[in-house]
Amino acid sequence: MTTLDTRLRSAQPCFWHNPGYHSGAAADDHIGIRQAAERLTRFAPCIRALFPDTGDGIIESPLSRADDFAAALESVWGMPITGTLWLKRDNELPISGSIKARGGIHEVLKYAEELALNAGLLHLEQDYRRLLDEEVRALFARHTLAVGSTGNLGLSIGTMAAHLGFQVDVHMSADARQWKKDRLRQLGVRVHEYEDDYSRAVAEGRRLAEQDPDCHFVDDEHSLDLFTGYGVAGRRLKAQLAAQGIMPSAEHPLMVYLPCGVGGGPGGVAYGLKQEFGPHVHCFFVEPVQSPCVLLGMMTGKGAEVSVEDIGLSNRTAADGLAVGRPSALVCRLMQPLLAGAMTVEDLQLFRLLALLQDSEGIQAEPSAMAGAGGLQLLLQQPQWQSRAARAHHLLWLTGGSMVPAEEYQAYCHQGQA
Ligand SMILES: *Cc1c(COP(=O)(O)O)cnc(C)c1O
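Thresholds, definitions, all that
Residues numbered from 1 in each chain as written. Predicted model: local features only at pLDDT ≥ 70, side-chain atom pairs only at ≥ 80, totals over all residues. Heavy atoms only, no water. Helix = DSSP H or I, 4+ residues; strand = E, 2+ residues; numbered from the N terminus. Domains from an automatic or database assignment. Buried area = accessible area lost by both parts, 1.4 Å probe. Salt bridge = Lys/Arg side-chain N within 4 Å of Asp/Glu carboxyl O. Polar contact = N/O pair within 3.5 Å; in protein donor to acceptor, adjacent residues only side chain to side chain. Nonpolar A, V, L, I, M, F, W, Y, C, P; charged D, E, K, R; others polar. Disulfide = S-S within 2.5 Å. 1 Å grid on protein atoms, 1.4 Å probe; cavity = no way out; pocket = protein on both sides within 12 Å on 5 of 7 lines; lining within 4 Å. Points joined across faces, edges and corners; volume = space filled by probe spheres on them. Near = heavy atom within 4 Å. Core = buried A, V, L, I, M, F, W, Y, C linked by side-chain atoms within 4.5 Å. Buried < 20%, exposed > 50% of the residue type's maximum accessible area, 1.4 Å probe, protein only. Contact = heavy atoms within 4.5 Å. Pairing = 2+ DSSP bridges. Axes fitted to C-alpha atoms, helices over the stretch in contact; angles between N-to-C directions.

Caption draft 1: Region of the structure containing unusual backbone geometry. At Ala11, a residue that is not glycine, the phi angle is positive and equals roughly 60°. When you line up the elements, Ala11 lands in the loop between helix H1 (3-9) and strand E1 (15-17). Positive phi is not limited to glycine here, since Ile95 has a value of about 80°. Looking at the element boundaries, Ile95 is found in the loop between strand E3 (84-89) and helix H4 (100-118).

Put into structure tokens, the structure is as follows:
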């Protein structure tokens, strides 16, 4: 057994270099990220009418420098953070307060668009506020959207689908937080709870959906529509960086740290970033030490044929959004040449980082979202990355958290300060 293997099995923080990584590998657009971006633009007037807090109807999050967080990390870690530190604040994305507002909502919109087009109730050049008319809503009311989720995907899909007038079934795993279930039920969503983990909730949801021809199942393990929705982040980030005068280069690469569950969110974002920046962006996935499903699937080449339980891990983590034991086979395949590496972090570390982010920047994140920062610490200790890291723009993808209820968030902070 290699040392990495031993560390992985004993739930210690790991760094895996992807031997298949080819920084200049092409991420071509046969998967359809451009079409997804165009679809989201068509929907903007409709989204704006339903969710005025989106402003222009484009669901996007801020990018910001994090000098204060960097200084706080340096003093806690006792080492310098070379380069500059940035935060991509998907924790503040409208509608669901998490990265799932990208992929999940795109898939709902695509389904709605197809139904309306096929019924002759919409054409592509029309103002999409048309979808709010009674006639179209009546069509949607005869259809169901279903999804299996650890929480945030259900929240995104449930919120959007319910607002458009669909029936919704959300199958939640045991890890899902109560407040997420409560919120969905208030919207009229049917929430089904499972004692088991996320893979079971997905399998059960998929099985029930197959029996109903008017039901669309959003398949977190296989869906390309989710993946492309996440991928749109690449072009949006490019514009945000350009607005700050930044264009990643060989001299100043962009290094991105993405919290990872089943892989779709971080995978789609990484794919979109590779399309925009090619060899000048390096993407890393970060998973909890007890749930390193994508690391394991990619390292062994077994993809979804292997689970963390197979190597004696529990898949128990306070990072509910990352509590996934078996990865997406699609993501493992697509990421093969595009992912620079993957790391694992301990839960305790996530809470510490969460409290530190609050104290230094006043930003609210959930434990899952802090995994990227843990990954940065490990990266900075890797000799083979040190020279590139020295002049890099390090970007932590804060994947969720602004909608966590105040009381629950306070408890997270206390845990991190203790
Ligand atoms: C879902 C989620 C992730 C990871 O996305 P996957 O598609 O499951 O890999 C990361 N952070 C948060 C907060 C999430 O909800």
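Caption draft 2: Seen up close, the domain arrangement of the protein. What the domain assignment lists for the protein is domain 1 (3-30 + 61-92 + 231-417) and domain 2 (100-220). Where domain 1 abuts domain 2, roughly 1,400 Å² becomes buried across the two surfaces, and 43% of that area is made up of carbon and sulfur atoms. Considering only the side of domain 1, the residues that lose the most area to domain 2 are Val262, Asp320 and Met403, jointly responsible for 32% of the buried surface there. Where domain 1 touches domain 2, the interface holds four salt bridges. Arg102 serves as the salt-bridge partner of Asp90, at 2.7 Å between the closest nitrogen and oxygen. At the junction of domain 1 with domain 2, the criterion picks out eight residue pairs in polar contact (both at pLDDT 80 or more). Mapped by element, the contributors of at least two residues to the side of domain 1 that touches domain 2 are helix H10 (233-243) and helix H17 (406-417). Tallied by class, the residues present in the side of domain 1 that touches domain 2 amount to ten nonpolar, three polar and eight charged.

Caption draft 3: Here's a closer look at the state of the cysteines. The full count for this structure, using the stated rule, is zero disulfides. Lacking any disulfide linkage, Cys332 is separated from the closest cysteine sulfur, that of Cys293, by 7.5 Å.

Caption draft 4: Empty space enclosed by the protein, seen in detail. Per the stated rule, a full pass over the model turns up three cavities of 30 Å³ or more. Volume-wise, the largest cavity comes out at about 250 Å³. Surrounding the largest cavity, 26 residues form its lining, Ile99, Lys100, Gly261, Gly321 and Leu322 being those nearest its centre. Put simply, the parts of the chain that give the lining of the largest cavity at least two residues each are strand E4 (144-149), helix H6 (152-164) and helix H11 (264-277). In terms of residue count, the dominant contributor to the lining of the largest cavity is H11 (three residues). Its residues placed into classes, the lining of the largest cavity shows ten nonpolar, 13 polar and three charged. Looking at the lining of the largest cavity, you find at least three residues from each of domain 1 (3-30 + 61-92 + 231-417) and domain 2 (100-220). Reported here for the second largest cavity is a volume of approximately 100 Å³. Taken together, 13 residues line the second largest cavity, and the ones lying closest to its centre are Leu40, Ile59, Ala101, Arg102 and Arg236. Of all elements in the fold, only helix H2 (33-50), H4 and H10 reach the threshold of two or more residues within the lining of the second largest cavity.

Caption draft 5: The arrangement of the site of the ligand in detail. Close contacts around the ligand come from 16 residues, with Lys100, Asn152, Gly263, Gly265 and Thr399 the closest. Between the ligand and Lys100 there is a distance of 2.7 Å, counted from an oxygen atom to a side-chain nitrogen or oxygen. Gly265 is positioned such that a nitrogen or oxygen atom in its backbone is 2.7 Å from an oxygen atom of the ligand. Partitioned by chemical class, the residues of the shell around the ligand number five nonpolar, nine polar and two charged.

Caption draft 6: View of the nonpolar core. Within the largest apolar cluster, 150 residues are counted, with the highest numbers of intra-cluster contacts made by Phe69, Leu164, Phe285, Met335, Met370, Leu379 and Trp397. In terms of domain composition, this core takes at least three residues from each of domain 1 (3-30 + 61-92 + 231-417) and domain 2 (100-220). Contact partners of Met370, with chain neighbours within four places excluded, come to Phe69, Leu350, Leu353, Leu354, Leu357, Ala365 and Leu398.

Caption draft 7: Examining the side chain of Asn315 more closely. Along the chain, the position of Asn315 falls in the loop between helix H12 (293-300) and helix H13 (329-335). A distance of 3.3 Å separates a polar atom in the side chain of Asn315 from the backbone nitrogen of Val324. Those residues in contact with Asn315, other than ones at most four positions away along the chain, are Asp197, Gln290, Ser291, Val308, Glu309, Ala323, Val324 and Gly325.

Caption draft 8: Inspection of the sheet that holds strand E7 (residues 215-218) at higher detail. Reading across from one edge, E6-E5-E4-E7 is the order of the four strands in this open sheet, with parallel pairing throughout. Each edge of the open sheet is held by one strand with a lone partner, namely strand E6 (190-193) and E7. Neighbour-to-neighbour, the strand axes of the sheet open up by a mean angle of 20°, direction not taken into account. When E4 meets strand E5 (residues 167-172), the two strands line up parallel, connected through six bridges. The residue bridging Gly148 from the neighbouring strand is His171, located in E5.

Caption draft 9: Fine view of the sheet that holds E1. Overall, mixed pairing links the seven strands, which are arranged E1-E10-E9-E8-E11-E3-E2 in an open sheet. For this open sheet the edge positions go to E1 and strand E2 (63-65), each flanked by a neighbour on one side alone. Between one strand and the next, the sheet's axes are offset by a mean angle of 20°, whatever the strand orientation. Two elements, strand E8 (residues 254-259) and strand E9 (residues 281-288), share six bridges in a ladder whose sense is parallel.

Caption draft 10: Examining the pattern of salt bridges more closely. Enumeration over the complete set of coordinates arrives at 26 salt bridges. In this structure, Arg391 engages Glu251 in a salt bridge whose closest nitrogen and oxygen atoms are separated by 3.6 Å. One end of the pair, Arg391, is in the loop between helix H16 (383-390) and strand E11 (393-398); the other, Glu251, is in the loop between H10 and E8, with 140 residues separating them in the sequence. Classification of Glu251 by relative accessible area gives partly exposed; the value is 44%. One salt-bridge network, held together by shared partners, links Glu60, Lys88, Asp90, Arg102 and Arg236.

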